[in-house]
Amino acid sequence: MKFFIDTADLDEIREANDLGVLDGVTTNPSLMKKAGGADFHEHIFRICEIVDGDVSAEVTATDFDGIMSEGRTLAGIHKNVVVKVPLIEEGIKALKAFRSEGIKTNCTLCFSAPQALIAAKAGANYISPFIGRLDDISNDGLQLISQIVTIYQNYNFDTEVLAASIRHPMHVVACAELGADVATVPLSVIKKILKHPLTDVGLEKFLADWDQYKESVSA
Ligand code: G3P
């Protein structure tokens, strides 16, 4: 499973990238608002310079011509830019057109299996089901991941399932068990994944025993 970081914060991206296990980045307008960065295009370029992997940058137009125009500009920023397109009628048309132009896409704001089916038929490279936001309204986000993985396997779609809106490590575990291709994860969740109290206690004991061993052999 590929690991993306879900942020536009350059420091967070650097920190995650330094771990050596980062495969890409997803951003959205809300994450840009949080991160700041005066020039959106320059900001996306800087992210691409940090991470060697796909970087999703979202269009804000909602009409076909506007989506295509913004998407082409975003794709021109760097070879790793993936154009993030909302799952609306005009977006579906744009997915197909971007595919024919060789521009990679990430279809975002997916909340149902039939939406994901249409996005795959339109040629999206990634589909982004938002599992946390479904859980928030008492729906089952993970069930959606399971449905999409099954549907895509049934028909050999090459669209990759990018689990988004991930809130905690068990979301990541479940997505991996269900066969999601990618999990895009906030830095806070990446840090939680690394943490285990038994690792901390075990390391403390090993280091204390090591000190005693060194003292005993040098005595
Ligand atoms: O990339 C978009 C998605 O991950 C949003 O997550 O936490 O705003 O629901 P969240």
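Residues numbered from 1 in each chain as written. Predicted model: local features only at pLDDT ≥ 70, side-chain atom pairs only at ≥ 80, totals over all residues. Heavy atoms only, no water.

Helix and strand content of the protein chain: 11 helices and eight strands. For the protein chain, the spread of C-alpha atoms along the principal axes amounts to about 80 × 40 × 30 Å. Looking at the protein chain residue by residue over its 219 residues, the buried ones come to 45%. Of the contacts formed within the protein chain by residues at least 6 apart in sequence, a portion of 57% connects residues at least 24 apart. When the accessible area of the protein chain is evaluated, it comes to approximately 11400 Å², of which 53% is carbon and sulfur surface. The averaged location of the 31 negative side-chain charges in the protein chain is 2 Å from the averaged location of its 20 positive side-chain charges. (Helix = DSSP H or I, 4+ residues; strand = E, 2+ residues; numbered from the N terminus. Buried < 20%, exposed > 50% of the residue type's maximum accessible area, 1.4 Å probe, protein only. Contact = heavy atoms within 4.5 Å. Areas by Shrake-Rupley, 256 points an atom, 1.4 Å probe, with all protein chains shown as cover. Lys, Arg positive; Asp, Glu negative; His and termini not counted. Charge placed at Lys NZ, Arg CZ, Asp CG, Glu CD.)

Its 13 residues place the ends of helix α5 (residues 89-101) 19 Å apart at the C-alpha level, agreeing with the 18 Å of an ideal helix rising 1.5 Å per residue. All of the buried residues along α5 are Gly 91, Ile 92, Ala 94, Leu 95, Ala 97 and Phe 98. Elements in contact with the buried residues of α5: α4 (64-75), β4 (81-86), β5 (105-110) and α6 (113-121). In the stretch just after α5, Gly 102 is the one whose phi turns positive, near 75°. (Expected span 1.5 Å × (residues − 1).)

Before going further, it helps to examine a nonpolar patch on the surface. Together, Leu 19, Val 21 and Leu 194 make up an exposed nonpolar region whose accessible area comes to about 290 Å². Note on placement: Leu 194 falls in helix α10 (residues 187-194). The exposure class of Leu 194 is exposed, given its relative accessible area of 57%. (Patch = residues over 30% accessible without salt bridge, like charges linked within 9 Å, V, L, I, M, F, W, Y side chains within 5 Å. Salt bridge = Lys/Arg side-chain N within 4 Å of Asp/Glu carboxyl O.)

A few words on the sheet that holds strand β1 (residues 2-6). A barrel is described by the order of its strands in space; here eight strands give the closed sequence β1-β2-β3-β4-β5-β6-β7-β8, paired in parallel fashion. Shown here is a sheet whose adjacent strand axes are inclined to one another by a mean of 30°, direction ignored. Two strands pair when backbone bridges link them, and strand β7 (residues 160-163) and strand β8 (residues 182-185) are joined in this way by two bridges, in the parallel orientation. When the sheet's bridge partners are listed, Leu 162 is paired in β8 with Val 182. The strands touched by α4 are β3 (54-58) and β4; relative to β4, the strand with the most contacts, the crossing angle is about 160°. (Pairing = 2+ DSSP bridges. Axes fitted to C-alpha atoms, helices over the stretch in contact; angles between N-to-C directions.)

Looking now at the side chain of Thr 108. Tracing the chain through its elements places Thr 108 in strand β5. Excluding anything up to four places from it in sequence, Thr 108 contacts Glu 58, Lys 84, Val 85, Pro 86, Leu 87, Ser 128 and Phe 130.

A few words now on the packing of α6 against helix α8 (residues 141-154). Here α6 crosses α8 at 35°, and the two axes come no closer than 9 Å. Classified by chirality, the crossing of α8 by α6 is right-handed. In this structure, α6 uses Ala 113, Ala 116, Leu 117 and Ala 120 to contact α8, whose residues at the interface are Leu 144, Gln 147, Ile 148, Ile 151 and Tyr 152. Classifying every residue of the contact of α6 with α8 gives eight nonpolar, one polar and no charged. (Left-handed = near helix turned anticlockwise from the far one by under 90°. Nonpolar A, V, L, I, M, F, W, Y, C, P; charged D, E, K, R; others polar.)

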